[in-house]
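What follows is the residue order along each chain.
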Amino acid sequence: MTDVTQPPKLAPGTLRVIPLGGLGDIGRNMTAFEIDGQIALVDCGVLFPEDDHPGVDLILPALDYLNDRLDDIVALVLTHGHEDHIGAVPYLLKKRANIPVFGSKLTLAFLAAKLREHRIRDFDLDAVEEGEILEVGHFEFEFLAVNHSIPDALAVAIRTKAGLVLHTGDFKMDQLPLDGRITDLRGFARLGEEGVDLFMVDSTNAETPGFTTLERDVEPAIARVFDQARGKLIVACFASHVHRVQQVLNLAVKHGRKVVYVGRSMVRNMSTARDLGYLKVPAGTLIELKEIDRYPANEVVIVSTGSQGEPMAALSRIANRDHPVVEVGEGDTILLASSLIPGNENSVYRVINGLSRLGATVVHKGNALVHVSGHASAGELLYCYNILKPRNVLPVHGEARHLIANAKLAQATGVPAERVLVSGDGDVIDLKDGIAKKVGSIDASYVFVDGSTVGDISESIMDRRILGEEGFVSVITAVDLHNRTIVSGPDVHARGFAEDDSVFEEVRQRVAAALLDALRDGVDDPYRLQQVTRRVAGQWVSRTLKRRPMIVPVVVTT
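All values derive from a computational prediction rather than experimental measurement.

### A word on the nonpolar core
Line of reasoning, step 1. In terms of nonpolar packing, the biggest core is built from 68 residues, with L41, L76, V89, L92, V245, Y261 and L279 touching the most fellow members.
Line of reasoning, step 2. The leading source of residues in this core is helix α6 (residues 242–254), at 6 residues.
Line of reasoning, step 3. Excluding residues within four positions of it along the chain, Y261 makes contact with V245, L249, M266, V267, M270, L279, V281, L286 and V303.
Line of reasoning, step 4. By size, the runner-up hydrophobic cluster in this structure holds 31 residues, among which are L23, F33, V396 and L403.

The following block contains the structure:
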């Protein structure tokens with residue numbers, strides 16, 4: 001929880017900057033900018049929970065800070081389409097649906113699909129392009145191209161009467177990008193000549209010396225995997241990594257393999273990227289999952305979600321041998337073409353171990369150059385500081401060590417130490433007359449999402465940490481999403497209870513009724529159905545048996 005020091009009333013003509021997430025974590029990126037009664041927001045992302053947040057689905061930025069100011073928001077600007085930058089937008093728009101949202105074409109396409117999943121219909125999405133200048137209220141936004149591990153990423157320059165702010169979003173300076181779209185260093189230099197009063201810069205790779213490896217340097221290692229694969233080949237990557245999927249498509253054509261997407265988000269995002277022209281799919285390359293058995297294993301490559309070890313993603317289900325279609329064994333190859341997001345290490349290694357036990361060969365960043373970062377390393381950051389010569393610097397996007405390392409780089413290029421603001425979520429920074437300084441703080445604590453519940457559920461998280469001492473209940477159900485029926489179960493199994501399993505007949509009926517209600521309401525996401533199971537079973541056991549066991553729901557879809 002942020003230490004709260006009430007900031008003074010905002011003076012006219014002063015720009016107030018409040019990071020509502022992203023400073024201290026790799027995730028939930030969001031910043032509020034306020035001047036003369038109007039608020040502009042940059043990004044609105046989620047943080048994925050770690051092992052010490054059992055039962056939590058997502059962690060949001062400090063949206064509660066905006067509850068009394070929703071009508072003052074004139075714009076939400078999105079730098080790119082990754083979950084840690086757009087994933088919380090539905091939760092903001094549920095508070096006020098008509099907030100104008102600006103972003104690149106691909107970013108907004110990914111967001112629109114997400115909003116439809118949340119059943120939000122009345123939204124205002126406005127596509128912008130690099131080089132475009134947009135005036136909204138007291139703010140002027142200029143958008144600049146940057147490259148990242150997703151197409152169509154943008155930096156945003158924000159001009160107000162208090163000064164010029166440049167927010168990089170997530171970026172790197174790949175000089176030979178796969179799509180030919182380089183970071184606009186000429187634009188950065190022009191802004192430097194104009195005078196950047198506050199530089200908000202990506203810190204993720206600030207500890208890494210030199211320059212980030214080029215995306216195209218990964219291709220030889222991926223090509224070797226294709227060359228050596230003799231059986232089934234599965235490539236797991238982020239469902240937004242269009243460039244990586246393009247490389248896989250090209251190599252699949254070269255090696256005579258058909259490509260099948262596995263994972264709902266992969267299918268959705270790649271279809272969107274193809275429709276918008278960001279992904280070039282050679283004719284006759286793609287097949288449907290249901291067609292996979294028509295081809296020999298060595299003539300197919302599966303592009304899958306689950307590179308971060310997500311328990312319900314396709315790759316985890318394959319490793320656990322519970323995927324309805326895909327199986328792996330001796331002679332098969334799995335390529336994890338992604339980096340490890342901090343906090344996901346245990347989940348990823350668990351999947352790698354599971355696949356290895358099945359006899360598959362697993363190639364990952366730890367044993368081959370099959371992925372490069374999407375973030376600027378220290379050499380690139382130094383380059384930017386020297387181009388821009390900013391008056392003040394606010395390192396963003398990173399854990400504390402990343403922010404501190406970035407601050408040291410800024411100071412090394414001549415930015416005075418007092419003008420480099422290593423801050424945390426909730427710190428209030430005012431910019432006036434070329435000087436930025438911290439003037440207070442607001443509460444920017446985690447906002448947890450647990451199923452349909454959004455809010456501070458810290459107490460229940462503490463409860464979950466002792467569930468191991470309270471017993472264990474698994475609830476397994478198979479559902480037919482097409483007919484919206486239960487095919488099998490719910491089967492309830494308990495450990496750590498003196499009672500016979502027959503005592504759970506009532507909860508079995510309650511779970512069945514709740515799942516049928518959810519299916520009739522149009523819920524078709526297995527993860528959400530699991531949350532329904534967890535809530536109903538947990539409430540019944542707590543009330544009836546006065547216990548708080550670990551509830552493990554499994555919903556298998558057919």
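### What to know about the pattern of salt bridges
Line of reasoning, step 1. Applying the stated criterion across every chain, the model contains 25 salt bridges.
Line of reasoning, step 2. Ionic pairing is found between K114 and E83, a salt bridge with its closest N-O pair at 2.6 Å. You can see K114 sitting in helix α3 (residues 105–117) and its partner E83 sitting in helix α1 (residues 83–86), a full 31 residues away along the chain.
Line of reasoning, step 3. Where E194 meets R159, a salt bridge forms, and the shortest distance between an N and an O atom there is 2.8 Å. You can see E194 sitting in helix α4 (residues 185–194) and its partner R159 sitting in strand β10 (residues 154–160), a full 35 residues away along the chain.
Line of reasoning, step 4. According to the relative accessible area criterion, E194 is partly exposed, its value standing at 43%.
Line of reasoning, step 5. Salt bridges linked by common partners bring E140, E142, R159, R190 and E194 together as one network.

### Let's talk about the environment of K172
Line of reasoning, step 1. Considering the arrangement of structural elements, one finds K172 in the loop between β11 (163–167) and α4.
Line of reasoning, step 2. Judged by its relative accessible area of 2%, K172 falls in the buried class.
Line of reasoning, step 3. Placed 67 residues apart in sequence, K172 and K105 show a C-alpha to C-alpha distance of 20 Å.
Line of reasoning, step 4. Setting aside residues no more than four positions away along its own chain, K172 makes contact with N147, H148, T183, T212, T213, E215, V372, S373, G374, H375, A376 and E380.

### Let's talk about helix α13 (residues 505–520)
Line of reasoning, step 1. For α13, spanning 16 residues, the distance from its first C-alpha to its last is 23 Å, which sits close to the expected 22 Å at 1.5 Å a residue.
Line of reasoning, step 2. Of all the residues in α13, the buried ones are V507, V511, A512, A514, L515, A518 and L519.
Line of reasoning, step 3. For α13, the secondary structure elements touched by its buried residues are β23 (472–480), β24 (485–495) and α14 (526–545).
Line of reasoning, step 4. One or two steps after α13, the chain reaches G522, where phi turns positive at roughly 95°.

### Description of the confidence of the model for the protein
Line of reasoning, step 1. Scored by pLDDT, the protein has a mean of 90; 93% of the residues are at 70 or more.
Line of reasoning, step 2. In this model residues 464–468 is a low-confidence stretch, pLDDT under 50, and it forms 10 contacts with partners more than four residues away in sequence or in other chains.

### Here we look at the pairing of strand β12 (residues 198–202)
Line of reasoning, step 1. With 5 of 5 residues buried, β12 is to be regarded as a mostly interior element.
Line of reasoning, step 2. Handedness of the β-α-β unit built from β11, α4 and β12 comes out right-handed.
Line of reasoning, step 3. Across 4 bridges, β12 lies against strand β18 (residues 393–396) in parallel orientation. When the bridges of β18 are listed, D202 appears paired with V396.

### Let's talk about the environment of V128
Line of reasoning, step 1. Mapped onto the elements of the fold, V128 is located in the loop between β7 (124–127) and β8 (133–136).
Line of reasoning, step 2. It is 23 Å that separates the C-alpha atoms of V128 and D71, two residues lying 57 residues apart in sequence.
Line of reasoning, step 3. Setting aside anything within four residues of it in sequence, one finds V128 in contact with F102, G103, S104, K105, L134, F143 and L154.

### Some thoughts on the sheet that holds strand β13 (residues 233–236)
Strand pairing within a sheet occurs via backbone hydrogen bonds; the two strands may be parallel or antiparallel.
Line of reasoning, step 1. Spatial strand order, β14-β15-β13-β16-β17: 5 strands in an open sheet with parallel pairing. Single-partner strands in this sheet number two, and they are β14 (258–262) and β17 (361–363). Shown here is a sheet whose adjacent strand axes are inclined to one another by a mean of 20°, direction ignored.
Line of reasoning, step 2. Bridging between strand β16 (residues 333–336) and β17 involves 3 bridges; their strand directions are parallel.

### A look at the packing of helix α5 (residues 219–228) against α6
Line of reasoning, step 1. It is the contact of α5 with α6, at a shortest axis distance of 11 Å, that shows an interaxial angle of 45°. Taken together, the axes of α5 and α6 lie oblique to each other. As α5 packs across α6, the resulting crossing turns out to be right-handed. For the pair α5 and α6, contact is made by E219, I222, A223 and F226 and by R244, Q247, V248, L251 and A252, respectively.

### A short note on the packing of aromatic side chains
Line of reasoning, step 1. What the rule picks out here adds up to 5 aromatic pairs.
Line of reasoning, step 2. Measuring from ring centre to ring centre gives 6.0 Å for F139 and F141, while their planes differ by 10°; the resulting arrangement is stacked.
Line of reasoning, step 3. Residues F171 and F188 carry aromatic rings whose centres are separated by 6.4 Å and whose planes lie at 45° to one another, so their mutual orientation is tilted. Of this pair, F171 sits in the loop between β11 and α4 while F188 sits in helix α4, and the two are 17 residues apart along the sequence. The residues F171 and F188 share a single accessibility class, namely buried.

### What to know about the packing of α4 against helix α10 (residues 378–388)
Line of reasoning, step 1. For the pair α4 and α10, interaxial distance at closest approach is 8 Å and the crossing angle is 40°. Here α10 runs oblique to α4, going by the angle between their axes. Listed contacts from α10 to L185, F188, A189, L191 and G192 of α4 are Y383, C384, I387 and L388.
Line of reasoning, step 2. Of the residues belonging to the contact of α4 with α10, the class tally is 8 nonpolar, 1 polar and no charged.

### As for the pairing of strand β21 (residues 447–450)
Line of reasoning, step 1. Covered by surrounding structure in β21 are V447 and V449 together with F448 and D450, the residues of both alternating faces.
Line of reasoning, step 2. Two elements, strand β4 (residues 58–60) and β21, share 3 bridges in a ladder whose sense is antiparallel. Directly across from I59, in β21, lies its bridge partner F448.

How each quantity is defined
Residues numbered from 1 in each chain as written. Predicted model: local features only at pLDDT ≥ 70, side-chain atom pairs only at ≥ 80, totals over all residues. Heavy atoms only, no water. Core = buried A, V, L, I, M, F, W, Y, C linked by side-chain atoms within 4.5 Å. Buried < 20%, exposed > 50% of the residue type's maximum accessible area, 1.4 Å probe, protein only. Helix = DSSP H or I, 4+ residues; strand = E, 2+ residues; numbered from the N terminus. Contact = heavy atoms within 4.5 Å. Salt bridge = Lys/Arg side-chain N within 4 Å of Asp/Glu carboxyl O. Expected span 1.5 Å × (residues − 1). pLDDT = per-residue confidence, 0-100. Right-handed = clockwise from strand over helix to strand, strands pointing away. Pairing = 2+ DSSP bridges. Axes fitted to C-alpha atoms, helices over the stretch in contact; angles between N-to-C directions. Parallel < 35°, antiparallel > 145°, perpendicular 65-115°, else oblique. Left-handed = near helix turned anticlockwise from the far one by under 90°. Phe/Tyr/Trp six-rings, centres within 6.5 Å; stacked < 30°, edge-to-face > 60°. Nonpolar A, V, L, I, M, F, W, Y, C, P; charged D, E, K, R; others polar.

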